[in-house]
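Okay, here's what each chain looks like letter by letter:
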Amino acid sequence: MIPNNKNINELENELKDKLSSYKELRNSDNSFYFNSLYFRASDKLLQKTKQNFYEHKLINVFLFLIVFIISYNVFNFNDTNNNFSVSNNYFLEASLPWLDEEYFDEIVIDEEVLVDYNTLLEEDPNLFGYLETLELLNNLPTDKLNEIYNNIKYKKM
Amino acid sequence: MNFVEEDRKLVEDFINGSESAFKKLVDKYSKKIYWHARGMLNNHLDADEITQQVIIVLYNKLKTFKFESALYTWIFRITSTRCINFIRKRKIQKIFSLSDENYNNLTSRNDIVKDFERKDEIEQIEKALRKLPVKQREVFIMKNFEEMSYKEISEITGKSIGGLKANYFHALKKVTEILNDSEQ
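Conventions we followed
- Residues numbered from 1 in each chain as written.
- Chains lettered and ligands numbered in written order.
- Predicted model: local features only at pLDDT ≥ 70, side-chain atom pairs only at ≥ 80, totals over all residues.
- Heavy atoms only, no water.
- Bend = angle between axes of the 7 residues up to and from the residue.
- Helix = DSSP H or I, 4+ residues; strand = E, 2+ residues; numbered from the N terminus.
- Contact = heavy atoms within 4.5 Å.
- Buried area = accessible area lost by both parts, 1.4 Å probe.
- Salt bridge = Lys/Arg side-chain N within 4 Å of Asp/Glu carboxyl O.
- Polar contact = N/O pair within 3.5 Å; in protein donor to acceptor, adjacent residues only side chain to side chain.
- pLDDT = per-residue confidence, 0-100.
- Buried < 20%, exposed > 50% of the residue type's maximum accessible area, 1.4 Å probe, protein only.

1. Description of helix 2 (residues 19-41) of chain B
- Within helix 2 of chain B, the axis deviates most sharply at Tyr29 of chain B, by approximately 40°.
- Directly after helix 2 of chain B, the chain includes Asn42 of chain B, whose backbone phi takes a positive value near 60°.

Following this line, the structure appears as structure tokens:
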């Protein structure tokens, strides 16, 4: 049911006096309060802008870090943290293409192995004793070797 | 210059970087925003909060305003939507007992009613408004206090004029009854 204007006007007139205090309050001067409202809202706006600014900065820093970590792992910029020696270029994936396995074997086989005996001796003073024994054993004839082997086997030595 | 042209000029000045133009807009509308929110929410603190929120929204969104409707219609639409959302949130909080039972009686030392001589009458009216369903309360405030036409209210709320008239009539009847009862 849509009410007619007459009904509405009657009720409005009846309420007019009762609502006068509310209307009076609405029209009263509260400029001090409304000014303060503007400044408080402006302050919030400023805080929000600052917060957004710092949030953006923080996001950028995180993004940079993530990109850096990923790049670091993929491209391996720093060789010093690598498990392989810098001098051994065969293992530097980023700087050299993979070597052909056979070609690599040849290089390793052909290379002369230099042993630093001074260091080895410092670490193990009995080394030369072992080496002499080994040489002796290598030069023994087969029957002598068999004899030694049998002595060890039957715990005679 | 009529008020629509004045608003357009102020918005244009603000978009061109004039902060004082924005201050003038706020001076012009903050009172209307506050009283609409106060009528809808019936307490000072919430109305204060909503007014600040609307000012912030205006600051951020005025640049996108196309003047397809009057500025005050747009501002009232924002305020009305914020108030209705606020009421819904409060209802949800009540269901989950997250808010105090006396939430509606919140007062503040800054409340502009505090020093008003006819403070008791204001409290009675706010009590009556609180008892109205939201739709009726909204049309009652706009028609009775903001003295808007049904056409303007319809533009803001998106409801038919017939529906608004019916809601207004029921609201008038209820408020009259409640206020008459409280006098006895």
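2. Things to note about the interface of chain B and chain A
- In this assembly, 48 residues from chain B lie in contact with 33 residues from chain A.
- Per-residue buried area on chain B facing chain A is highest for Trp35, Phe145 and Phe169 of chain B; these three make up 16% of the total on that side.
- There are four salt bridges connecting chain B and chain A.
- At the boundary of chain B with chain A, the tally comes to 15 residue pairs in polar contact (both at pLDDT 80 or more).
- Of all the secondary structure elements, the ones that give two or more residues to the side of chain B that touches chain A are helix 2, helix 3 (44-61), helix 5 (119-130), helix 6 (134-145) and helix 8 (161-183) of chain B.

3. Let's talk about the confidence of the model for chain A
- For chain A, mean pLDDT is 75; residues scoring 70 or higher make up 66% of the total.
- Here helix 4 (residues 101-110) of chain A stands out as the element of chain A with the lowest mean pLDDT, 59, in contrast to helix 2 (residues 20-27) of chain A, whose mean of 89 is the highest.

4. Describing the confidence of the model for chain B
- A residue-level look at chain B finds 92% of positions with pLDDT of 70 or above and a mean pLDDT of 88.
- Our summary of model confidence lists the complex with pTM equal to 0.67 and ipTM equal to 0.81.

5. Examining the environment of Leu145 of chain A
Residues and elements named next belong to chain A.
- Structurally, Leu145 can be placed in helix 7 (residues 142-153).
- Looking at Leu145, the relative accessible area reads 34%, which means it is partly exposed.
- Leaving out residues up to four positions away in the same chain, Leu145 has contacts with Leu137 and Leu140.

6. Digging into the pattern of salt bridges
- Under the defined criterion, the tally for this structure stands at 14 salt bridges over all chains.
- With a closest N to O distance of 2.7 Å, Glu24 of chain A and Arg118 of chain B form a salt bridge. Residue Glu24 of chain A is located in helix 2, and its partner Arg118 of chain B is located in the loop between helix 4 (71-95) and helix 5; the two belong to separate chains.
- Relative accessible area serves as the criterion here: at 26%, Arg118 of chain B is assigned to the partly exposed category.
- Glu146 of chain B is the salt-bridge partner of Arg26 of chain A, the closest N and O atoms lying 3.4 Å from each other. Residue Arg26 of chain A is located in helix 2, and its partner Glu146 of chain B is located in the loop between helix 6 and helix 7 (150-157); the two belong to separate chains.
- Using a relative accessible area of 10% as the deciding quantity, one classes Arg26 of chain A as buried.
- On the accessibility criterion, Glu146 of chain B (16% relative accessible area) is buried.
- The network of salt bridges with common partners includes Glu24 of chain A together with Arg118 and Glu121 of chain B.

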